[in-house]
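Architecture at a glance
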Amino acid sequence: MRDLVFLALLLPVWVVGLQRSERITGAISGMAPFFAEDLARFDRVRPSVATSVRAYLFLDPELRRAYGQRLFSAQYSLAPTVLSLAFDVREVVGGQWSGQPRFVLCDFDDAGRRRAALSALEAESRRRNLLSEVVLEDGALTLVRLSERVSP
Amino acid sequence: MIALPLAFVAAATALLYRWLDGAGWSRGERLRWALAWAPALAFGVPSCGFFLARWCGIDGVLPWSLTSASVVALLELAVRGKRRNRHVATLPAAVADTPGRATKALSAAAALLLAITALELSDSFRTWSRAQPDGMWDAVAIWNAGARFLVRADAERLPELFGALREGHPEYPLLLGAGVAAQWELAGAESTAVPLGMSLGFAIGLAAALHLLVRTAGSALFAVPAVLLVFSTPAVWKWAFAQVADLPLAYLAVAAALPLAAALEGRLPSPPPVLSGFVLGLLPWVKSEGALMAATLVGLFLALRFVGRERLRTIGDPPSKPARRALLYALGALPGLLSLALFKLTWAPPVPDRASFLRSGGKVAALLDGERWRLVAKSTLNQVDPATGAELWGWSWALLAVGLLFWGARLGRRASPGAVLLASTATVICCLYALAFVLSPFDLAWHLGSALDRLLLHVLPLLTAAVFALAGERATPATPDRPV
């Protein structure tokens, strides 16, 4: 008897479960794909950095507490180039230089802040006697190549 | 491209069906076991083969294919060796009760509901593939990102690359990453259909393994209803095709529990121990939680076996030597465990202190903090309570509670050792997860919000199998005194 009661109870549980599950499918259907826009942006940059082992993702400090989407979509698109996260030009320009050029992806949504960040990057590069060259501009994304100046 | 992972599953099913061609296995039983273990073989072997080839510094399709073929050949040899040395048993797996008219009607109704569920789920699969081809957050951040590193970089650079990664859990094991990468390399394209197809394969495997587990530990009549409950639970739909590790982990836990439950129930003949070990060895190769699951399953199995040895003597233990079986079991677990050990010891970067469950500070204080325990308990209750958790769980937990009320008294080591193993494993894993949350280095509320439902998903199939195995009239195990 208990078996039959249990199986009878399963029926409404199954119906409710399927209804809720269909709601989830509906929500998934109506949701913009995860990271899609960012993935497309970073995919376009990939050919330019494909040969580089490491690169810097230079983000607006406003994103310091919510950088995950930018970093993970960039890393997914640009693998196997390993990205280092930076919110300050000194993090980007500093450290040991191996003689190899260094790629910096400046990703700032706000045009004014982006211009300021690029100016700061250029100034810091000049201060450290580095060459700074914009390789690609794609909306909010600017790819900069830093390299050591070769003495004449 | 979706066909590639499914072709892997089909090939693995055929291979397993052949391997299980032993005395006493009916065709239906062989097919059930083959389907239940096929995704483990189909994705586990290429994953281990790909990783081991790359770890040896060898690029290209051929090396990992040859490594995988070697693993399969070793499994074949071990299975054949077992066959040669086995006493010819002619006992069927269990005495099937002759189904009455009511039972036939119930089975037909359950099969109809299962067909409807499968149709609905296939619609969900199409939606996922169209709307979220790259999967959910963790698929991009962790699992498929790992696959891209593996497939895009030269083998000799991989240790340096993994060592340099700081975000996206580069220390996570690579069953999924290497499995996807192997197929991408074979296909010559990084198609999102491959991880999606693998998700589908794991979902089919979970249904097949759960069905067989309930049949093995309990009544055949309740096997399809158990699958119906799990696959009508919204959380399963949320995560099944999200290309994350949680459903594969739930599947492997059920698949690894199968031979252990069968042994406790005295089902004869036993499945080849080398295959049983292989499936168990893959659990830690998915994620750290898999290591907890594997250790819990084996520990509880040994404990139940030890305390239940009197009963086993009375029903007739399989005649093969326990030491030899244990050795073959360990040999089978080797590909997964070796891959994990090599990865963790040589490639994986150390977990930063800020993300470590053991090394970050204040662990004793966290352990003694009643507020943290209360928050974990409250969040868990919110998930399982239909009033607050129905959006994600429907009424599934409530029905399982009803089942425990009905048949909980049957939970006895002598009467239902298989169900005891499953229920106690689910309970221990829940306790370990609760402890992990209490010791969490992250903001606890955030961590519970982002992970608790996925961890409960690991436990749901095991607990469902336990409850449904307690229901109904149990199939009678074959015994030497009572051949049939």
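Anything mentioned here points back to the structure above.
Fair warning: this is a prediction, and the values are worked out from it, not measured in the lab.

What follows is about the interface of chain A and chain B. The interface is formed by 46 residues belonging to chain A together with 57 residues belonging to chain B. Together, the buried faces of chain A and chain B total about 4600 Å²; carbon and sulfur atoms form 72% of this surface. Three residues, Phe6(A), Trp14(A) and Tyr76(A), lead the burial of chain A against chain B; their summed loss comes to 18% of the area buried on that side. At the junction of chain A and chain B, the tally comes to 2 salt bridges. Note that Glu391(B) and Arg23(A) form a salt bridge whose closest N and O atoms lie 2.9 Å from each other. Along the contact surface separating chain A from chain B lie 11 residue pairs in polar contact (both at pLDDT 80 or more). Elements with a minimum of two residues in the side of chain A that touches chain B: helix H1 (2-30), helix H2 (36-49) and helix H3 (68-78) of chain A. Here the side of chain A that touches chain B takes 23 residues from H1(A), the largest share from any one element.

This paragraph deals with the packing of aromatic side chains. A complete count under the given rule lists 30 aromatic pairs over all chains for this structure. A centroid spacing of 6.3 Å and a plane angle of 55° characterise the contact between Phe149(B) and Phe162(B), whose relative ring orientation is tilted. Linking Phe149(B) in helix H5 (residues 137-152) with Phe162(B) in helix H6 (residues 158-164), this pair joins segments that are 13 residues apart in sequence. With respect to class, Phe149(B) is no different from Phe162(B); both count as buried. Cluster of aromatic residues (ring-pair linked, three or more members): Phe51(B), Phe149(B), Phe162(B), Trp285(B), Phe343(B) and Trp347(B). Over the ring of Phe42(A) we find Arg41(A); its NZ or CZ atom is 5.0 Å from the centre of that ring.

Time to look at the pattern of salt bridges. All names here are of chain A. On inspection of all chains with the given rule, the structure shows 29 salt bridges over all chains. Residue Arg-44 pairs with Asp-138 through a salt bridge whose shortest N-O separation is 2.5 Å. Within this pair, whereas Arg-44 is found in helix H2, its partner Asp-138 is found in strand S4 (residues 130-138), the two being separated by 94 residues in sequence. Overall, Arg-44 belongs to the partly exposed group, its relative accessible area being 46%.

Attention now moves to the packing of helix H8 (residues 193-217) of chain B against helix H21 (residues 444-470) of chain B. Residues and elements named next belong to chain B. Running from amino to carboxyl end, H8 crosses H21 at an angle of 30°, the nearest separation of the two axes being 8 Å. Taken as a pair, H8 and H21 cross one another with a handedness that is right-handed. Residues Leu-206, Leu-210, Leu-213, Val-214 and Ala-217 of H8 form the contact with H21, whose participating residues are Pro-461, Ala-465, Phe-468 and Ala-469. Of the residues contributing to the contact of H8 with H21, the split by class is 9 nonpolar, no polar and no charged.

Criteria and thresholds
Residues numbered from 1 in each chain as written. Chains lettered and ligands numbered in written order. Predicted model: local features only at pLDDT ≥ 70, side-chain atom pairs only at ≥ 80, totals over all residues. Heavy atoms only, no water. Contact = heavy atoms within 4.5 Å. Buried area = accessible area lost by both parts, 1.4 Å probe. Salt bridge = Lys/Arg side-chain N within 4 Å of Asp/Glu carboxyl O. Polar contact = N/O pair within 3.5 Å; in protein donor to acceptor, adjacent residues only side chain to side chain. Helix = DSSP H or I, 4+ residues; strand = E, 2+ residues; numbered from the N terminus. Phe/Tyr/Trp six-rings, centres within 6.5 Å; stacked < 30°, edge-to-face > 60°. Buried < 20%, exposed > 50% of the residue type's maximum accessible area, 1.4 Å probe, protein only. Lys NZ or Arg CZ within 6 Å of the ring centre and 35° of its normal. Axes fitted to C-alpha atoms, helices over the stretch in contact; angles between N-to-C directions. Left-handed = near helix turned anticlockwise from the far one by under 90°. Nonpolar A, V, L, I, M, F, W, Y, C, P; charged D, E, K, R; others polar.

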